[in-house]
Amino acid sequence: MEKAYFFDMDGVLFDSMPHHAVAWEEVMKAHNLSFTARDCYINEGRTGESIIREAILKERHREATPDEVEQIYGEKSARFHVLADQVGGTVVIDGVADVLRYVQSQGHQIWVVTGSGMRTLIDNLNTALPPVFHPDRMITAFDVTKGKPDPEPYLKAWERSGLPKEQCVVIENAPLGIRSGKAAGLTVYAVNTGILTREDLAQADQVFDSMAELLTFLQTH
Ligand code: MG
């Protein structure tokens, strides 16, 4: 039976989260705002603007100014790119290439469903990973009005897949992404590729500690 697999990008295909965490932590600290690596992983999927607004509201008890948001987000993006460049650009998640090859060998649809609008990463998918991605099967920041944890990104992928919901599976690494997939009424498999605990990901239908574990599960179910 044909299935559609909806892969999240950051933390599922690309190992970009450690750089996001370091960049956020450093830049927030420079602005006297406390924000830990764990905060970064828990908030993965939210926009930079909403992360900055919440931090300023929490610690300074006032709304952030547009200048503050622009300044902090600009510094964070610049720092992220420096860190990513240091390791030669894109690093892929350990074992995910094998998962992609297996899913393709079974004749299933492969989709990317990401809140990211980073062209450098999106354009790199087919060179950094096995060439299994098709431009028509990508839902990015440019395709939705509401990002995760809203169900819109995964609902859009499901509609375009043409398959019943029972034949669609979301692969996620982040709590807000899991919420988005579940709110869309889909089966969600979580792979813990970062620093969160299994409990943080417990809303998923299955939680795996590695891509190798997910692959074994897919091969036997
Ligand atoms: Mg992710």
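Our structure is the block above this text.
Residues numbered from 1 in each chain as written. Predicted model: local features only at pLDDT ≥ 70, side-chain atom pairs only at ≥ 80, totals over all residues. Heavy atoms only, no water.

Asks: Would you mind going over the overall build of the chain with me for this structure?
Replies: Helices and strands together make up the secondary structure of the chain, namely 10 helices and 6 strands. Here the chain has a C-alpha radius of gyration of 17 Å; the compact-globule value for 221 residues is 17 Å, and the two agree. When the backbone C-alpha atoms are referred to their principal axes, the chain occupies close to 55 × 35 × 30 Å. The burial tally for the chain puts 47% of its 221 residues in the buried class. For the chain, the share of sequence-separated contacts (at least 6 apart) that also reach a separation of at least 24 residues comes to 63%. Distance from the positive charge centre (21 side chains) to the negative charge centre (32 side chains) of the chain: 3 Å. (Helix = DSSP H or I, 4+ residues; strand = E, 2+ residues; numbered from the N terminus. Rg over C-alpha atoms; globule rule 2.2 N^0.38 Å. Buried < 20%, exposed > 50% of the residue type's maximum accessible area, 1.4 Å probe, protein only. Contact = heavy atoms within 4.5 Å. Lys, Arg positive; Asp, Glu negative; His and termini not counted. Charge placed at Lys NZ, Arg CZ, Asp CG, Glu CD.)

Asks: How do you make sense of the packing of helix 1 (residues 17-30) against helix 4 (residues 66-86) when you look at a structure like this?
Replies: What describes two packed helices is the angle between their axes and the distance between those same axes. Two numbers describe how helix 1 lies on helix 4: the axes approach to 9 Å, and their chain directions differ by 135°. Classed by the angle they form, the pair helix 1 and helix 4 counts as oblique. Here helix 1 and helix 4 pass one another in a crossing that is right-handed. In this structure, helix 1 contributes His19, His20, Val22, Ala23, Trp24, Glu26, Val27 and Met28 to the contact, and helix 4 contributes Ile72, Tyr73, Glu75, Lys76, Arg79, Phe80, Leu83 and Ala84. Looking at side-chain class alone, the contact of helix 1 with helix 4 contains 10 nonpolar, 2 polar and 4 charged residues. (Axes fitted to C-alpha atoms, helices over the stretch in contact; angles between N-to-C directions. Parallel < 35°, antiparallel > 145°, perpendicular 65-115°, else oblique. Left-handed = near helix turned anticlockwise from the far one by under 90°. Nonpolar A, V, L, I, M, F, W, Y, C, P; charged D, E, K, R; others polar.)

Asks: Just to check I follow, could you spell out the coordination of the magnesium ion for this structure?
Replies: Where a metal carries four tetrahedral donors, each ideal angle is 109.5 degrees; where it carries six octahedral donors, the ideal angles are 90 or 180 degrees. For the magnesium ion, the protein coordination sphere consists of Asp8 (OD), Asp10 (O), Glu44 (OE) and Asn173 (OD1), at 2.0 to 2.1 Å. Going along the chain, you hit the donors of the magnesium ion in the pattern D-x1-D-x33-E-x128-N. Here the residue Asp8 occupies a position in the loop between strand 1 (4-7) and helix 1, and Glu44 occupies one in the loop between helix 2 (37-42) and helix 3 (48-60), the gap between them amounting to 36 residues. As far as the burial class goes, Asp8 and Glu44 line up, both buried. (Donors = N, O, S within 2.8 Å, 3.2 Å for Na, K, Ca; no water.)

Asks: Honestly, the pattern of salt bridges in this entry has me stumped. Any pointers?
Replies: Under the criterion given, the structure shown has 13 salt bridges. When the shortest N-O distance is used, the salt bridge between Glu68 and Arg60 registers 3.6 Å. Classification of Glu68 by relative accessible area gives buried; the value is 17%. The residue Lys148 makes a salt bridge to Glu172 at a minimum N-O spacing of 2.9 Å. Here the residue Lys148 occupies a position in the loop between strand 3 (138-139) and helix 8 (152-161), and Glu172 occupies one in strand 4 (residues 168-172), the gap between them amounting to 24 residues. Classification of Lys148 as buried rests on a relative accessible area of 8%. (Salt bridge = Lys/Arg side-chain N within 4 Å of Asp/Glu carboxyl O.)

Asks: Can you help me understand the side chain of Glu44 in this one?
Replies: One buried charged residue, Glu44, remains without a salt bridge, the closest side chain of opposite sign being Lys148 at 6.7 Å. Not counting chain neighbours up to four residues away, the residues in contact with Glu44 comprise Asp8, Asp10, Met17, Asn173, Ala174 and Leu176.

Asks: Would you mind showing me how to read the environment of Cys40 here?
Replies: Assignment of secondary structure puts Cys40 in helix 2. Residues contacting Cys40, with those up to four places away along its chain left out, are Met17, His20, Ala21, Trp24 and Phe35.

Asks: How should I be thinking about the pairing of strand 5 (residues 187-191) in this particular structure?
Replies: Here is the key point about a regular strand: its side chains alternate between the two faces of the sheet. Counted residue by residue, strand 5 has 4 buried out of 5 residues, so it is predominantly covered. One ladder, built from 4 bridges, connects strand 4 with strand 5; its direction is parallel. The residue of strand 5 that forms the bridge with Ile171 is Tyr189. With helix 9 (residues 175-183) bridging strand 4 and its parallel neighbour strand 5, the resulting β-α-β unit is right-handed. Relative to strand 6 (residues 206-208), strand 5 runs parallel, the two being bridged by 3 bridges. (Pairing = 2+ DSSP bridges. Right-handed = clockwise from strand over helix to strand, strands pointing away.)

Asks: How should the packing of aromatic side chains be read in this particular structure?
Replies: Going through the model one piece at a time under the given rule, you end up with 7 aromatic pairs. Look at Phe6 and Trp111: their rings are 6.0 Å apart centre to centre, the planes differ by 85°, and that puts the pair in the edge-to-face class. Here the residue Phe6 occupies a position in strand 1, and Trp111 occupies one in strand 2 (residues 109-113), the gap between them amounting to 105 residues. With a relative accessible area of 0%, Phe6 lands in the buried category. Residue Trp111 is classed as buried on the basis of its relative accessible area of 2%. When the centroid spacing of 5.1 Å and the interplanar angle of 55° are considered together, the rings of Phe208 and Phe217 count as tilted. Here Phe208 falls in the buried class, since its relative accessible area comes to 5%. Residue classification places Phe217 among the buried residues on the basis of a relative accessible area of 12%. Here the aromatic residues Phe6, Trp111 and Tyr154 are joined through ring pairs into a cluster of three or more. Sitting over the ring of Trp158, Lys165 keeps its end group 4.6 Å from the ring centre. (Phe/Tyr/Trp six-rings, centres within 6.5 Å; stacked < 30°, edge-to-face > 60°. Lys NZ or Arg CZ within 6 Å of the ring centre and 35° of its normal.)

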